[in-house]
Amino acid sequence: MTRAALLTVLLAVSAAPAWSQLMFLMEPPARLAFSNSTGARVACAAHGTPPPVMSWLGEDGALLTDIPGLRGALPNGTLWLGAFSAAQYRSDVHAATYRCRAASSVGAILSRDMRVEAVMDESWEVRVQATHGVTGGAAVLTCAASTPVRAHVTLTRWFRDGEPLTHVSAEAGGRYIVAGSRGDVLVVRDARPDDTSSYSCEAQHTLTGEKRRSASALLAVSHPSGSMAPRMLMISEDETVVQGGDIRLVCCAIGSPPPTYSWFRHSNGRLSPVANSIRISVSDQVLIIRRAQPADAGVWTCRAHNQYGEQRRDARLTVRARLVASIHPQLQVANSGSSVMFNCSVEGEARVRWLHDGVPVGGGERTLRVHGVVRAHRGMYQCVAERDMDSAQAAAELRLGDTAPELHYTFIEQALHPGPALAMHCAASGSPPPRFTWLLDMQPIEELNTPQRTISQFMSANGEVVSYLNISSVRPEDGGRYTCRAHNSRGAAEHSTRLNVYGHPSIRSVGPVRVVAGVNATVYCPYSGFPISEIVWQRGGMDLTPSGGRALSGMGGELLLWPAEPADAGVYSCRVTAPSGQYAQKDIQIFVRNPPKISGFTFPPDLVEGSSIQVLCGITSGDKPVYFSWLKDGQHIPSNLQVQEKSLDEFSFLIFSHVTSKHSGEYTCVATNSAADVNHTARLAVKVAPSWVYEPQDVSALLGTQILAHCATKGYPEPRITWLKGHGSGVNDFRQVSNLDLQYSILLNGSLSISPAAHHHEGQYMCRAENGIGRGLSKIITVSVNEPAHFEFSSRNMTVKRTGQATMVCEARGDPPLALQWTHNMKRVDLTTYRVSVSEKRSDSGVSSQLNIAHAERHDSGVYRCRAENAYGRDELLIYLAVQEFPEAPRGLFVERSDTRGATIAWRRGYDGNARVRVYRLQYRVVGDRHRPDSNDWTDAPTREMPADRVYEKQETSDPNAETTLEYRVEGLRPATAYALRLAAVNAIGDSDYSESVIVQTKEEAPSEPPHNVNVQATAPGELFIKWEAPPQDSWNGQLLGYVVTWREAGASDNATRALTASGWGATSATLAPLRTHAHYDVRIRAFNAVGAGPASAPLTATTLEGVPEAAPQRVRCEALSAQSLRVWWEPPPPSLRGGVLLGYEVVYEAVDDTSGQVETRRAGGTEAVLQSLHRAANYSLVLRARTAAGPGPPSSPITCTTHEDIPGAPADIKALANSESTIIVSWLPPAQRNGRIKHYTVYSRPQRVSPHNHLMVIHKDEEEEFFAEIRGLQEHTLYEFWVTAATASGEGEMSAIVARTPTPRAPAKILSFGRRILTAEGSRVRLRCAAAGSPTPLRVWSRARPAPPLAIDPRIVVKDQIIVIQKLDRSLADNYTCTVSNPWGEERVTWEVRALSPVPRPSIRLAGAAPARLSLAWDAPPSPVHSYTLEWTRANEASWAVTRLPGEVRTHTLERLACGAAYRVRLRAHNAAGPSEPSDELVVSTKGGLSKAAAEKDLITTNSTCVRLNLLTWDSNGCPLSQLQVSIRGFDESGWRSGAVAPAEPLVWCDLNPATWYHLKVVATSSAGTTVGTYYFSTLTEEGERIPAPAHFPPGSGGGEHTTLVMAGTGCALLTALLLLAILAWRRSEPASCFRKGYEPGEAEDKAIEPRENRSRNCQQVYTSSPGKQPPPSKEQQEMYEISPYATFSMSGGAATAARGGGAATGATLRTFGRAEPAPLAAAPPPTKQRSLTNADEYTLSRAMTLLVRRSESDSDSSGSPCAECTSGSYRVPQTTPKVAEEVFRAVTDSSAESASTGDARSLSARAHDKARRRPRRHHAPQATRYQQRQEQERRDFTIHV
């Protein structure tokens, strides 16, 4: 190589880039979950030099392709996943596995698998559940998200009473502790009554970032009362934590007294107490594990115990170990041909696979070996660990050190002609960088260098060395075998092929060829020239052939020495011959070299430390000189091993004077000569006897713990450690420990582990270490197991009946001496009493002690502790003794609150008998049951078990000594029913007595059943008739007010639902209209009461009858096909307006100019029709009607179409009259069939029997009826023929008849005009023309047939020479008119018959029937014929009329799809040839239905302190569905209305009102019948639930002419009240006065004897009932009955509406009844025997419940009849109870200005009297009420009736 080339290579090598290893800086996660609404971006970044290229691969290893809108790989290595909809979901995108790839010239690495899960957005919520807390114990709240999103939701914080909860601790010391793996458990420790609050939690969706807050949950903390063994409320049953994370396990129990907690760990089948450590801490309910390790996984047991028992629950913890992989070494530099090994380490169990530059290699072993390293092995190696759905990877790089060259590019064989330039190049890589040598026929090019050849080489950018051989001009002598050889210190690589140049053969001179003996050698002939036909090798003058001798001639002319031997050396001759016969020949000298051959050597196998050895490495053959060298483990022998090396010519010594273990290894002898390098390797192993690293020592352990005995040795080979256990006293009595015993295990370091320690593990153990060298090692140790004092069980529960005997046994185990001691409630047991005694019994296993208590008493209950203690520990046994007895009855039972189907009862706990009350037995019965006349009869009354754990405890005050109130929710009651309840407690011993009974009244509820036997019928097109029956009365749940029918077209949305209300419980049918014809409707019906509507009936699908189409065909078009045919085509009506199945169409057409009014109809089945046989050139009017089975629909808009013109017919008539000797006048009438527009006439004339003719053209004039032409220049006495033709645009028509006439000078008088019959309508103008011919000129006279004034003097007739004109034709002018002409030569007359057509008389129309959406009309046939009718109609208040045309034979018609309850004006006209008649008298008719009726105030309005509820179901739609309801509210002191539109037939709740405020309410209801406005006044309650007094004056109504509906008392009600008052007064005077004054009065005391008072009332009373039916009275005293409705007020004068309008105050007395909840039969409850608190809202007395007050008031409540015709006549209506002050529930508003008569407080009479006196002004608020103040108290007493 030249210096310049060498310098180029060195510079290139020095400039080579420094590569760095690839590594991920940011790796994708193993799992990626993202929301479809947000999408995701995943970053992937790697580091390396040169910088790597980032890409993403799919699960199949293919590069990812971008999917627009869904997925894309960004250039910076980020994977983008876009947001998508549910329809765009793709499993190959959103549930796939992805990998990130980083690649550079160093290699390629793949990230761990990333499994993608796209989570679809769905609604979610968070809920909090709270356990019941007991003072001093713990309470737990859990926060849980909806199941579908729970895995993606994390808890962020807790709230208390709406405020974030602070002081939440993650440690064990705080009161508030967050626990659970997700932090979803809140533990409130040491609970106090002030912890009773509303708690909520906030959670965040980790994928969307959305936060949700839960609804509040009430945490109740009550004081403990009685005794109760612990009952576990919750425990962290299954928790998972990541290795290294923290976890808090929670266990919470309730008990009385509060329980104590202990935690245990399951280990080897035993429970071990958990003690505090650095990582694990225990604090009562909470076990905190920090930096969790895999060893922490397993079962942890929580024990909660008190003196009455214990309970244990297990918590299972799973520790998810981190998956971490690592490779050692991370970088290896290997020379070519060497072997390398990568080790993969994985934490935990996992599957392993290997990758090389991202391509799988190797198997599943943890070690990867690469043998015979070549260039292809360099790059990045990865170990991928996989476990379940997780994966991890680690990468290492294999770099090439000194590697033999590898060729990457070579040249090819070529055949060239002399002259052109040539460049051949090779590229190779290696370390160190190789150098190139070029050879020509095995000789270096430098030695054969010519000016034409140059060599260059350089280092490429990718680290390869490139060398070029350039020949500037190829010559024949340049041909030959060229070789490029790359070589460095590690080896060489070469490539050879021929360059053939056309020319004569020649052989160049080469030096001797040297080959190695034993190696295959190939020698090529160094020739040039081309082409060559033969190459021959000779030796000693003999040819070498491919099949002869040892030296063979190859097929390509090469010499093959396979293998070369020393005898092959010599001179060989090569001859090459060209096809032309020219040849060249030259000799080549071949030398054979012999490589050295090493005789084998080995080391002695039994070498021990201290031995001296030497080995000899000698050769048996090979050329001299030979050089020797030694290697140890592939490297030069270190000098510190002090090994001597001595070499001679044919052998070499290796001397070890003192071997140690350090000398062990593989030793290699290398022999080198000029032919080759050979080596031989042998292993030296120095054996070392075992020695102690850790000598075993005696071990002692506590029973149940781990025994760990250490034993560690060293030596070569590695000593094997075995453990033996002694089974006797001698040394030979040791037997090897069996690995089959799971309690024994020998660790990898040789230690012996025994767990758990047991007594049979005690004894002597021997550790023995042996490796076959020496005697080995052994050591005997003693293992001791000490048993501390302990009990098999930690606690025990024990019960005994009072006065029974209790025996408690305590058996302790442990090493002696054992001491036992008994305590009771932390005090030593007093053994001085005769009832208590203790006895002990000792044994080898422990001590047994027995404590006896004779005649157990209540104070003997408690905790008995038996404490055992010895030198190794102490333990105690807890025995919870409960002396049990019967419980006491619950105390102070009262009703907390009630609703429709349940009530909450409360009581104070009695003594539980020291036995947990398991259940409370509730006994109940219906008050007033006819089968149970005795109010105290509880025989066979049903009972219900109330589990004690379902009873809620409530502490009214913070005083810990205050009594606890127990509450229970009683379900399953009937609405609006009075019940008597009583309660008993039940424990394991028996039942307590029943408590005193209380009365509870349930409230009204919406009906629970739909109407029955619902039937829907289609009665008419667009109408459905629905019938039903009332639901069973026991499902009314109150007073049934009516029904609401809803319907919508099948498939329509809920917004299309319409509603119709039917008022009254007795309503049984309704008509639904207007509906679409032939449409499917889903119909439902619900019953409703004052609370609301009940369930809907099952939907009935009904189809309306087919009707006529509601729309005409669309886009009607026509065209003329010919002179007598038209083509008509159209499109069908819209599908929704077809009214049914279209059967076809009717084409109705008439000629526009036809005065006969003849209308023709043609039916068509498709959407096209051809009308034929029409008049030519006629203008036709056409309309289309679609037709169903019900008939034709409305016509389309008329269109006109004209048939084509045709040649006209012949003129209707013709005359030819002589006018002189040379002229003849021809007259004619136009053709009857003009067939178009006549343009002109042609008059033809000719002498008779002469063919040539003359013609004269006459222009047609439309206004003329007759035409004339004078033919001149005729010859006298010659007979002429005349005829006439008419012509249109289509041509000349038919000729008229031929007439003949001769000109004469004596022409007689003749009339040219044509007499005929003229029919025209009265009032028309008539023109008659009488043209004449003759010579001389004729005279003309007009006359009439009837006697009449002469025409000339008749003012109605104008005579103008030959024309008379009748200005206005009437019946008197209808006559025969005659024209007479005369001259001397003749006379002629012609008559015209003029007839006047009279119009049809005015028709008379009447109503035949009406429905909510249609009107049926009828009329009689007129006296004269008609050809059609015109029917017109409009709304009564509208001006525009709708018109329809009817055939003349029709006598009835139905107007469909009209507005419900609307008034219409209708009129009819008849048509004949004379025209239309006068319209009929307007008929004003209405469809069925009417304006909606405003609801009664008592049914509509219900209020509390801040809201008003409007039961809009009670608004009667009066047969027409409401389209809109507008509700407006304003306070009396407000100027503006607050308004809103609401859906009809649905209740409305309007809140944000002020408490204790009067309001003005306006309801505007709109239907097709019109608008109804209802105005009301109401007041909200106070915050305490009380009513407020009415104002002195009510504000005026809204005005403006609105129709205001106020709830007023009717005249009938007033009359009934007057009669009732008279009857009461008469009866009062006839009965003893004491009957009224001894009843319920404010001055009476509550605690008087009740039974006598009831008897007095029963003897004096009359029965009032709200039942309208007549039933036989059950007893004599009930034979006289009056109908009084609940909540009804009867006034003798106007109600509140009158007062509101300023019409003066009411002066009559008012009788008001109390309200009721529902029509179910109820009997009044007997009054309670004890005085109750004011808060007991559900308790009342019979007298209070059934008192009717007759008072003067301005109440405007209507009297409502009851639908309860089947109610028991002896039943009473119990008033609806007043809710507690703490709850704002809706009250029925029955009177805007007076307090409710329904109250349920069971209060004292004095309290009632005070309350009535306080609220008395509310009853008299009218302006003139002052005149009643003096008589107020007297009237109240006089008009109070006790029922």
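Residues numbered from 1 in each chain as written. Predicted model: local features only at pLDDT ≥ 70, side-chain atom pairs only at ≥ 80, totals over all residues. Heavy atoms only, no water.

**Focus: the state of the cysteines**
Our working definition: Whenever a pair of cysteine sulfur atoms sits within 2.5 Å, that pair is classed as a disulfide. Under the scheme used here, helices are H or I runs from DSSP no shorter than 4 residues and strands are E runs no shorter than 2 residues, and both carry numbers assigned from the N terminus. Residue exposure (1.4 Å probe, protein chains only): buried if accessible area is under 20% of the type maximum, exposed if over 50%, otherwise partly exposed.
The full count for this structure, using the stated rule, is 12 disulfides. A disulfide bridge connects C344 with C383, and the sulfur atoms are separated by 1.8 Å. The chirality of the disulfide connecting C344 with C383 is left-handed, given an S-S dihedral of about -55°. A residue pair is termed long-range when its members are at least 10 positions apart, and C344 in strand β34 (residues 340-346) and C383 in strand β38 (residues 379-387) qualify at 39 residues. Each member of the pair, C344 as well as C383, is classed as buried. Here C1507 pairs with C1551 through a disulfide, and the sulfurs are 2.0 Å apart. Its S-S torsion of about 110° marks the bond between C1507 and C1551 as right-handed, since a negative value means left-handed. In this pair, C1507 sits in the loop between β134 (1501-1503) and β135 (1508-1510) while C1551 sits in the loop between β138 (1548-1550) and β139 (1558-1567), placing the two residues 44 residues apart along the sequence. Of the cysteine sulfurs around C252, a residue in no disulfide, the closest is that of C251, at 7.4 Å. Residue class for C252 comes out buried when judged on its relative accessible area of 0%.

**Observations concerning a nonpolar patch on the surface**
Going by this rule: To count toward a patch, a residue needs a relative accessible area over 30% and no salt bridge; like charges are then connected within 9 Å, while nonpolar side chains (Val, Leu, Ile, Met, Phe, Trp, Tyr) are connected within 5 Å. Methods summary: accessible areas were calculated by the Shrake-Rupley approach with a probe of 1.4 Å, and residue burial reflects only the protein chains presented. Whenever Lys or Arg places a side-chain nitrogen within 4 Å of a carboxyl oxygen from Asp or Glu, that contact is recorded as a salt bridge.
A cluster of nonpolar side chains, namely M23, L25 and M26, defines an oily patch on the protein surface of about 310 Å² accessible area. Assignment of secondary structure puts L25 in strand β1 (residues 20-26). Residue L25 is classed as exposed on the basis of its relative accessible area, which comes to 59%.

**Comments concerning the pairing of strand β137 (residues 1538-1542)**
As a reminder, the rule being used: In this analysis, strands are considered paired if DSSP registers two or more bridges between them.
Pairing of strand β136 (residues 1522-1531) with β137 involves 5 bridges; the strand directions are antiparallel. In the strand pairing of β137, Q1526 is matched with A1541. Between β136 and β137, which pair antiparallel and follow one another directly, the connecting turn spans 6 residues.

**Remarks on the sheet that holds strand β74 (residues 752-754)**
Sheets are built from strands paired through backbone hydrogen bonds, the pairs being either parallel or antiparallel. Here is the rule: In this analysis an axis means a line fitted to C-alpha atoms, helices contributing only their contacting stretch, and an angle means the value between N-to-C directions, from 0 to 180 degrees.
Strand order in the open sheet formed by 3 strands is β69-β74-β73, and the pairing between neighbours is antiparallel. Of all strands in the sheet, those bounded by a partner on one side alone are β69 (707-709) and β73 (744-746). Going from strand to strand, the sheet's axes swing by 15° on average, the running direction of each strand aside.

**With respect to the sheet that holds strand β46 (residues 465-471)**
Strand order across the open sheet formed by 4 strands is β40-β42-β46-β45, with antiparallel pairing between neighbours. Of all strands in the sheet, those bounded by a partner on one side alone are β40 (403-409) and β45 (453-459). The average angle at which neighbouring strand axes cross in this sheet is 25°, direction not considered. For β45 and β46, the ladder comprises 7 bridges, and the chain directions are antiparallel. Note on β46: the bridge partner recorded for R453 is I471.

**Overview of the side chain of T1288**
Our working definition: Side-chain atoms alone can form a polar contact between residues adjacent in sequence; in general such a contact is a pair of N or O atoms within 3.5 Å, and within protein one must be able to donate a hydrogen while the other accepts it. Here, two residues are considered to be in contact whenever any of their heavy atoms come within 4.5 Å of each other.
Within the fold, T1288 resides in strand β114 (residues 1280-1288). A relative accessible area of 6% places T1288 in the buried class. Within polar-contact distance, the side chain of T1288 engages the backbone oxygen of D1206 at 3.0 Å. Among all residues touching T1288, those that are not within four sequence positions of it are E1205, D1206, I1207, P1208, R1234, N1235, G1236, R1237, I1238 and K1239.

**A look at unusual backbone geometry**
A negative phi holds for most residues other than glycine; trans holds for most peptide bonds. Cis geometry is adopted by the peptide bond preceding P563, which originates at W562 and carries an omega value of -15°. As for its placement among the helices and strands, P563 is situated in the loop between β56 (559-561) and β57 (570-577). Residues P816 and P817 are joined by a peptide bond in cis, for which omega reads 0°. With respect to the helices and strands, P817 occurs in the loop between β79 (806-813) and β80 (819-824). Unlike most non-glycine residues, D190 shows phi in positive territory, near 50°. Note that D190 resides in the loop between β18 (185-188) and β19 (197-205). Owing to a relative accessible area of 44%, D190 belongs among the partly exposed residues under this scheme.

**Things to note about the nonpolar core**
Heads up, the condition is: We define the nonpolar core as a collection of buried residues of types Ala, Val, Leu, Ile, Met, Phe, Trp, Tyr and Cys that are connected through side-chain atoms lying within 4.5 Å of one another.
Formed by 28 residues in total, the largest nonpolar core has its most connected members in F24, L32, F34, W56, Y98 and M114. Those elements that provide at least two residues to this core are β1, β2 (31-35), β3 (40-42), β5 (53-57), β7 (79-81), β8 (97-104) and β10 (114-119). With near-sequence residues (within four places) excluded, M114 lies in contact with P28, P29, A30, L32, V42, W56, L79, A96, T97 and Y98.

**Brief notes about the pattern of salt bridges**
Tallied over the full model, the rule gives 70 salt bridges. For the salt bridge of R1340 with D1361, the shortest nitrogen-to-oxygen distance reads 3.1 Å. Taken together, the residues span a long stretch of sequence, with R1340 in strand β121 (residues 1339-1344) and D1361 in the loop between β122 (1357-1360) and β123 (1363-1366) at a distance of 21 residues. Assessed through its relative accessible area of 60%, D1361 is described here as exposed.

**Re the pairing of strand β119 (residues 1326-1329)**
Where burial is concerned, the two faces of β119 differ: the one with V1326 and L1328 is buried and the one with R1327 and R1329 is not. Bridge count for β119 against β123 is 4 bridges, and the pairing is antiparallel. Across the sheet, residue L1328 finds its bridge partner in β123, namely I1364.

**A look at the packing of aromatic side chains**
Note the following rule: Between the rings of Phe, Tyr and Trp (Trp by its six-membered ring), a pair exists once the centres lie within 6.5 Å; its type follows the angle of the planes, with under 30 degrees stacked, over 60 edge-to-face, and the other angles tilted. Charge over a ring is defined by NZ of Lys or CZ of Arg lying within 6 Å of the ring centre and within 35 degrees of the ring normal.
According to the stated counting rule, one finds 30 aromatic pairs in the structure shown. Judged by centre distance (6.3 Å) and plane angle (45°), the ring pair of F84 and Y89 falls under tilted. The buried category is assigned to F84, whose relative accessible area is 5%. In this structure Y89 comes out as partly exposed when scored by relative accessible area, which is 36%. An angle of 65° between the planes, with centres 5.3 Å apart, marks the rings of W1130 and Y1145 as edge-to-face. You can see W1130 sitting in strand β102 (residues 1126-1131) and its partner Y1145 sitting in strand β103 (residues 1144-1151), a full 15 residues away along the chain. By relative accessible area, W1130 is classed as buried at 3%. On the accessibility criterion, Y1145 (4% relative accessible area) is buried. Members of the aromatic cluster, each reached through a chain of ring pairs, are F1532, W1558, Y1577 and F1594. For the cation-ring pair, R213 lies above F159, with the distance from its terminal atom to the ring centre recorded as 3.8 Å.

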